[in-house]
Every structure is written in structure tokens, then in C-alpha cells.
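An overview of the molecular structure
Listed below are the residues making up each chain.
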Amino acid sequence: MNLAQAIRTIPDYPKPGIMFRDITTLLGDAEAFRTAVDAMTDPFRKAGITKVAGIEARGFILGGAVAHQLGAGFVPLRKRGKLPGETYAVEYALEYGFDAMEIHVDALIHGDKTMLIDDLIATGGTAVAAVELLRRAGADVVAAGFVIDLPDLGGAERLRALDVPVSSLVAFGGH
Ligand code: AMP
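The rules behind these values
- Residues numbered from 1 in each chain as written.
- Predicted model: local features only at pLDDT ≥ 70, side-chain atom pairs only at ≥ 80, totals over all residues.
- Heavy atoms only, no water.
- Helix = DSSP H or I, 4+ residues; strand = E, 2+ residues; numbered from the N terminus.
- Rg over C-alpha atoms; globule rule 2.2 N^0.38 Å.
- Contact = heavy atoms within 4.5 Å.
- Lys, Arg positive; Asp, Glu negative; His and termini not counted.
- Charge placed at Lys NZ, Arg CZ, Asp CG, Glu CD.
- Axes fitted to C-alpha atoms, helices over the stretch in contact; angles between N-to-C directions.
- Parallel < 35°, antiparallel > 145°, perpendicular 65-115°, else oblique.
- Left-handed = near helix turned anticlockwise from the far one by under 90°.
- Core = buried A, V, L, I, M, F, W, Y, C linked by side-chain atoms within 4.5 Å.
- Buried < 20%, exposed > 50% of the residue type's maximum accessible area, 1.4 Å probe, protein only.
- Salt bridge = Lys/Arg side-chain N within 4 Å of Asp/Glu carboxyl O.
- Pairing = 2+ DSSP bridges.
- Right-handed = clockwise from strand over helix to strand, strands pointing away.

**Points about the overall build of the protein chain**
Assigned secondary structure in the protein chain consists of 6 helices and 9 strands. The C-alpha atoms of the protein chain give 15 Å as radius of gyration, which agrees with the globular expectation for 175 residues (16 Å, within 12%). Dimensions of the protein chain, computed from the C-alpha atoms along their principal axes, are close to 40 × 35 × 30 Å. In the protein chain, 59% of the contacts between residues at least 6 apart in sequence involve partners at least 24 apart. The positive charge centre, built from 17 side chains, and the negative charge centre, built from 22, are 2 Å apart in the protein chain.

Take a look at the structure:
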């Protein structure tokens, strides 16, 4: 199963110069979806993970499946204004813009062994903000998993510098 072939690349979306790595084709392929979720999950089956945190929106699809496989709870990290309860918030820079992310203040129990999930890590701005939020909420962030890494943008290294082990399934060069 070649996961890279299941991912569609759309040039110049959402703006010129960005090679958008579209995982909807992977998600729609039953074998590729299962292979990806299994590969993200298998190394952590005995890691004692109690929570999986997914980043809106594609991180919800993958993170929900990973949480189910690990027998862990799922915690959504959402765009500003979407969570109904009391939240912590953090602003962060994207590869193509700015955004803010929130977590419910009571989403985690102090020390919850938490795995962060998103579809792709580029500059790492989103994932670094997520780790900051998770730690503020009391999480012990023990792993971060992505389908795609863009290593030339350095995001995985930024996360590792925060003592978060990073794993990914497919790497694409360039932006
Ligand atoms: P970053 O904060 O730069 O690591 O960007 C990661 C976030 O932006 C993830 O939630 C991705 O879904 C999205 N993203 C960034 N660059 C791309 C890309 N080239 N293709 C698809 N999604 C991207």
C-alpha cells in the first residue's frame, strides 16, 4: 500500500505557490484509510495513551479513529469561538495566514498521556500551538502523529525541540 499515491496534490491552493496535499482521496480509499490509521496507531498500542487530541478539521477524522483504536478519549482542538464551554486559547501562524485555537479547560485530567494528531505538519506553527494548549490544560504530550510531513519547512524539528516525539507516514519535499 503506497500511501503517498493515495494523497492528491493540488497546486496553487489556497494561494499561488502552495502545493496543497489533499488527504480526502486517502480518506475515501478504504484500504488507504485503514492502513494510515493502523500505522499511526500501532507503535502506541501499549503506550498507555489516555487521550488523543485532534486539530480541526482533518485532525478530527484521523484523531477520532486513532482514539478508538487506542481505547483513548478524544479531545477536539477547535478554531476560535466553536467550543461552547470555558476555553484556553492560543494564536498561531499558519503556512498561509493566522488563526487561533481553543481547548476546553476541563478537557483533560492533569497528567493525561496525550497524543496529538493532525493530517500534516508544515512549519509546525499549528502543532506547537496545540502542544502549548494541551500543556496548559494539564496534558503530558507523549507523541504527535501526522500522515504527512513537509520536512523542508522544519515543523517536526520544532516539535521535537519541545520534547514531543514526532511520527509521520509520508514526507514530501518542498512546500
Ligand atoms: P503548519 O502550522 O505550517 O505546520 O501547517 C499545518 C496545518 O496547515 C495543518 O492543519 C494542515 O492541514 C495545513 N496545511 C499546511 N500546509 C499544507 C499543505 N501544503 N497542504 C495541506 N494542508 C496544509
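**Thoughts on the packing of helix H3 (residues 30-41) against helix H4 (residues 58-70)**
Between two packed helices, what matters for the description is the angle formed by their axes and the separation of those axes. Here H3 crosses H4 at 60 degrees, and the two axes come no closer than 10 Å. Here H3 is positioned oblique relative to H4, judged by the angle of their axes. Of the two possible hands of crossing, H3 and H4 adopt the one that is right-handed. In this structure, H3 contributes Phe-33, Val-37, Asp-38, Met-40 and Thr-41 to the contact, and H4 contributes Ile-61, Leu-62, Ala-65, Val-66, Gln-69 and Leu-70.

**Quick look at the nonpolar core**
Counting residues in each nonpolar core, the largest one holds 29 residues, and the members touching the most others are Leu-26, Val-52, Val-66, Leu-70, Met-115 and Ile-148. Broken down by secondary-structure element, the contributors of at least two residues to this core are helix H1 (3-6), helix H2 (24-27), H3, H4, strand E7 (113-121) and strand E8 (140-149). Apart from residues no more than four positions distant in its own chain, Leu-26 is found in contact with Leu-3, Ala-6, Ile-7, Ala-32, Phe-33, Ala-36 and Val-147. Ala-53, Ile-121, Leu-133 and Val-166 belong to the second largest nonpolar core, which has 27 residues in total.

**Things to note about the pattern of salt bridges**
Scanning the model with the defined rule gives 8 salt bridges in all. Measuring nitrogen to oxygen at the nearest pair gives 3.0 Å for the salt bridge that ties Arg-45 to Asp-42. Judged by its relative accessible area of 44%, Arg-45 falls in the partly exposed class. The exposure class assigned to Asp-42 is partly exposed, which follows from its relative accessible area of 42%.

**Some points on the sheet that holds strand E6 (residues 97-104)**
In space, the 7 strands of this open sheet follow the order E5-E6-E4-E3-E7-E8-E9, with mixed pairing throughout. Either end of the sheet is taken by a strand with one partner, and the two such strands are strand E5 (87-94) and strand E9 (166-171). When strand polarity is set aside, the average angle formed by the axes of neighbouring strands in this sheet is 20 degrees. Running at roughly 140 degrees to E7, H4 makes contact with strand E3 (51-55), strand E4 (73-79), E7 and E8 of the sheet. Relative to E5, helix H5 (residues 125-136) is tilted by about 165 degrees, and along the sheet it contacts E3, E4, E5, E6, E7 and E8.

**Topic: the pairing of E7**
Within E7, 8 of the 9 residues are buried, which leaves the element mostly enclosed by the surrounding structure. One ladder, built from 4 bridges, connects E3 with E7; its direction is parallel. Looking at the pairing, Lys-51 lines up with Thr-114 of E7. Examined bridge by bridge, E7 and E8 share 8 bridges and lie parallel to one another. By the bridge assignment for E8, Leu-120 is matched with Ile-148. Each parallel crossover has a hand, and the one from E7 via H5 to E8 is right-handed.

These values are about where atoms sit, not about what they do.
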